[in-house]
Amino acid sequence: MKARIAALLMLAGGLPGLAGPVFSTWRLEPGGLVSERPDDPLPVGSLQKPFVAKAWALAHPGEPSPRFHCGPGGCWFPAGHGDLGLVRATTVSCNTYYLRLAEQTPLAGLAGALAEEGFTSAPLDPGDAIGLGGALAIRPSALLAAYVRLTRTPWPAGEPVRREVLAGLREAALTGTARGLGHRGFWAKTGTVPLDALHTTGLALAVDDAGWAILGRLEPGTGREAAQALAAALDRYRPGAPRLAAAPPRAWPAGPPALVRVRLFELLGPRRFQVRNLGPDPVPCGGGFLGAGAAMELRPGGRAGPGLLEVTAPGTPLVRRIQGELTRPGEVVAMVPLREYVSGVLAGELPHGSPGLQVELGAAVLRFLARGPRHPDAEVCDSTHCAHFVGRGPLLDWKQGTQTPAPVLADAAWTAIQAAARQPGPEHWTAHCGGRPLSARFVWGEGDDQARPCLRHGPAPPWTRTWRAADLARAFGGPVRNLAVTTDGGVWGLRVWAGAAPRTLRFDLAHRLIAGVLGWDALPSPADSVTAVPGGFRVQGVGAGHRVGLCLGD
Ligand SMILES: [Zn+2]
Ligand SMILES: [Zn+2]
Ligand SMILES: [Zn+2]
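Please read these numbers as outputs of a predicted model, since none were measured by experiment.

So, on to the overall build of the protein chain. Check the secondary structure of the protein chain and you find 15 helices and 26 strands. The principal-axis extents of the C-alpha atoms in the protein chain amount to approximately 80 × 55 × 50 Å. Expressed as a percentage of its 554 residues, the buried residues of the protein chain come to 52%. The contacts of the protein chain with a sequence gap of at least 6 include a subset with a gap of at least 24, amounting to 62%.

Bringing the coordination of the zinc ion (ligand 1) into the picture now. Surrounding the zinc ion (ligand 1) are the protein donor atoms C70 (SG), C75 (SG), H81 (ND1) and C94 (SG), which sit 2.0 to 2.4 Å from the metal. Each of the 4 donor atoms around the zinc ion (ligand 1) contributes to a set of angles spanning 103 to 121 degrees, which defines the coordination as tetrahedral. Look at H81 and you get buried, because its relative accessible area is 7%.

In terms of residue burial, strand β14 (residues 319-327) counts as a mostly covered element, since 8 of its 9 residues are buried. Of the strand pairs in this sheet, strand β13 (residues 303-312) and β14 are connected by 8 bridges, and their pairing is antiparallel. Across the sheet, the residue bridging to L308 is Q323, located in β14. Remark: 6 residues form the turn of the hairpin made by β13 and β14, two consecutive strands paired antiparallel; G315 in that turn has positive phi of roughly 85 degrees. Strand direction decides the pairing type here: β14 and strand β15 (residues 333-337), joined by 3 bridges, are antiparallel. Paired with E325 across the two strands is M335, which belongs to β15. Counted between consecutive antiparallel strands, the loop separating β14 from β15 contains 5 residues.

Before going further, it helps to spend a moment on the packing of aromatic side chains. Under the criterion given, the structure shown has 8 aromatic pairs. Pairing Y97 with Y98 gives two aromatic rings, centres 5.8 Å apart and planes at 70 degrees, and the pair type is edge-to-face. On the accessibility criterion, Y98 (1% relative accessible area) is buried. Following the ring pairs from residue to residue traces out a cluster consisting of F51, F119 and Y147. The ring of W187 has R170 lying over it, and the distance from NZ or CZ to the ring centre is 4.0 Å. A cation over an aromatic ring shows up here: R495 above the ring of W497, its NZ or CZ 5.5 Å from the ring centre.

Let us now look at unusual backbone geometry. Residue P220 is bonded to the preceding E219 through a cis peptide linkage, with omega at -5 degrees. Counting through the fold element by element, P220 comes out in the loop between β7 (213-219) and α9 (223-237). With an omega dihedral of 10 degrees, the bond running from G305 to P306 counts as a cis peptide bond. Residues other than glycine seldom take positive phi values, yet S93 does so here, at roughly 55 degrees. Its location among the elements puts S93 in the loop between α3 (86-92) and α4 (95-103). With a phi angle near 70 degrees, R547 is a residue other than glycine that sits in the positive phi range. You can see R547 is positioned in the loop between β25 (536-541) and β26 (550-551). Using a relative accessible area of 1% as the deciding quantity, one classes R547 as buried.

Looking at soluble globular proteins, one finds that nonpolar side chains tend to be buried together. One finds Y97, Y98, L143, Y147 and L215 to be the most contacted residues of the largest nonpolar core, which totals 49 residues. Apart from residues lying up to four places away in sequence, Y147 is in contact with L47, P50, F51, L169, K189, L205 and V207. Judged by nonpolar contacts, the second largest core, of 48 residues, contains F265, V275, V342 and L361.

Moving on, we come to the sheet that holds β7. Here 5 strands make up an open sheet; going across it, the order is β2-β1-β7-β6-β5 and the pairing antiparallel. Edge positions in the open sheet fall to β2 (32-35) and β5 (186-194), since each of these has one partner strand only. Averaged over neighbouring strand pairs, the angle between their axes works out to 15 degrees when direction is ignored. Taken together, the 4 bridges between strand β1 (residues 22-29) and β2 define a ladder with antiparallel strand orientation. Counted as the bridge partner of W26 is S35 from β2.

Here we come to the packing of helix α10 (residues 338-349) against helix α11 (residues 355-370). Direction vectors running N to C along α10 and α11 enclose 125 degrees, while the axes themselves pass 10 Å from each other. It follows from the interaxial angle that α10 and α11 lie oblique. At the point where α10 passes α11, the crossing takes the right-handed sense. Contacts from L338, Y341, V342, V345, L346 and E349 in α10 reach Q358, L361, G362, V365, L366 and L369 in α11. Of the residues contributing to the contact of α10 with α11, the split by class is 9 nonpolar, 2 polar and 1 charged.

Parameters at a glance
- Residues numbered from 1 in each chain as written.
- Chains lettered and ligands numbered in written order.
- Predicted model: local features only at pLDDT ≥ 70, side-chain atom pairs only at ≥ 80, totals over all residues.
- Heavy atoms only, no water.
- Helix = DSSP H or I, 4+ residues; strand = E, 2+ residues; numbered from the N terminus.
- Buried < 20%, exposed > 50% of the residue type's maximum accessible area, 1.4 Å probe, protein only.
- Contact = heavy atoms within 4.5 Å.
- Donors = N, O, S within 2.8 Å, 3.2 Å for Na, K, Ca; no water.
- Tetrahedral: all angles 85-135°; square planar, octahedral: opposite > 155°, others 65-115°.
- Pairing = 2+ DSSP bridges.
- Phe/Tyr/Trp six-rings, centres within 6.5 Å; stacked < 30°, edge-to-face > 60°.
- Lys NZ or Arg CZ within 6 Å of the ring centre and 35° of its normal.
- Core = buried A, V, L, I, M, F, W, Y, C linked by side-chain atoms within 4.5 Å.
- Axes fitted to C-alpha atoms, helices over the stretch in contact; angles between N-to-C directions.
- Parallel < 35°, antiparallel > 145°, perpendicular 65-115°, else oblique.
- Left-handed = near helix turned anticlockwise from the far one by under 90°.
- Nonpolar A, V, L, I, M, F, W, Y, C, P; charged D, E, K, R; others polar.

This is the structure in structure tokens:
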């Protein structure tokens, strides 16, 4: 059966009768509905969810919204969204959360709330109520009006609940399922409903402060893709709406994000990528599906998953497996649940297990993430600039020539890590302090000027490296006349005399430029000294990594 589906999917590459996705819109303008298609009832999937929250609020007057746990396997996001409240559940459109909400609401209450908004059929069970299976339908005009009411009319039984739904819809448009919208100033929600055995229809709805609203439908497609398609419609019909710069840096006031975007292969920068579906079932990709075991090229603008995926760069030994989604806004970006991210960092940073450090390091990773994104299009990269992330592996042992899958974080460890992260502690970690830990301020020019003491390491023997002049010329874009380590203003720098004027590089940049040519280990840590030798320069220092924070050295 699996083989048959895979074969069908391969045949479906150019599905007869489906000549590319069709995008249609319905708009609620001051004069009424303007649309390219009839105002006939449609199934709208997760676009029903806000009204499930309304039914719950009616059944629980005055109660605060609950928190639930979304575990692996129960949600559209296979790894689960973890612990979450109503705002986050709305942002990421968590099925598990909304299903629990619907289960805690009398069926008559769900039926009544949805009928009041204009849904044509009474819900049969909680799954129908949250839009699974496409049992209910609504006219686009009624749906748009319902969303405008949602943004304007208080809920007497639970106004705080409505405000949380609205906060979730705002965030959905910025970082959640509707982020493809790419504009500020909208509440937005997406939905994905089955089209046929192999395809889905995507929907995205956006409302602004003026009560203007638009519904977009992409057939075939996903809700996320419909939101991307809606971005151009907003430019056309709402020319005043500010375009978001490609995912601007934002801080999370409430802690680390539920989904972590990771730039993959950050240091190596290959240009071609192949994705293989390692899971037992087809996963979404672009407008269609990638069958179990099937592979495709991940082109700029492409995406695949969520699922268990393997990404490789043809012609290179690079391989990474992740449980999550792969996108390619420019670089390849994996989008993985928070727990998957922490698990993949622990596997990368503690390859030998070091159970004694697991919880402390996991907590440091969460504190680090809570500081906000480090890249314009992603929270983190997979290099030590952010954290060494190996996803689900494979872990390569160069000495033994073996590959093993990365261990997945156990429930108990994850619980302990989340608890530890709420306590104060380091938000950085390093491979080895070299017996002389450094402060954040010394390495990055900002942050704590106290080094965190390491109780395990005394004075360590120094490392030395020799950099050849020809390699340095490639790393710095021209012949290097001189190099020096500086500590001006109490901040480490590598002063480089190349080109017209000398410049001083902080550790991260110096490391990246040098690693790009001379390899990963050419500048193991902020060096103590650099001296000219025949044919190049000799560098000396102690430890490994930036030497700030939790020391992971053996
Ligand atoms: Zn979920
Ligand atoms: Zn980074
Ligand atoms: Zn140490």
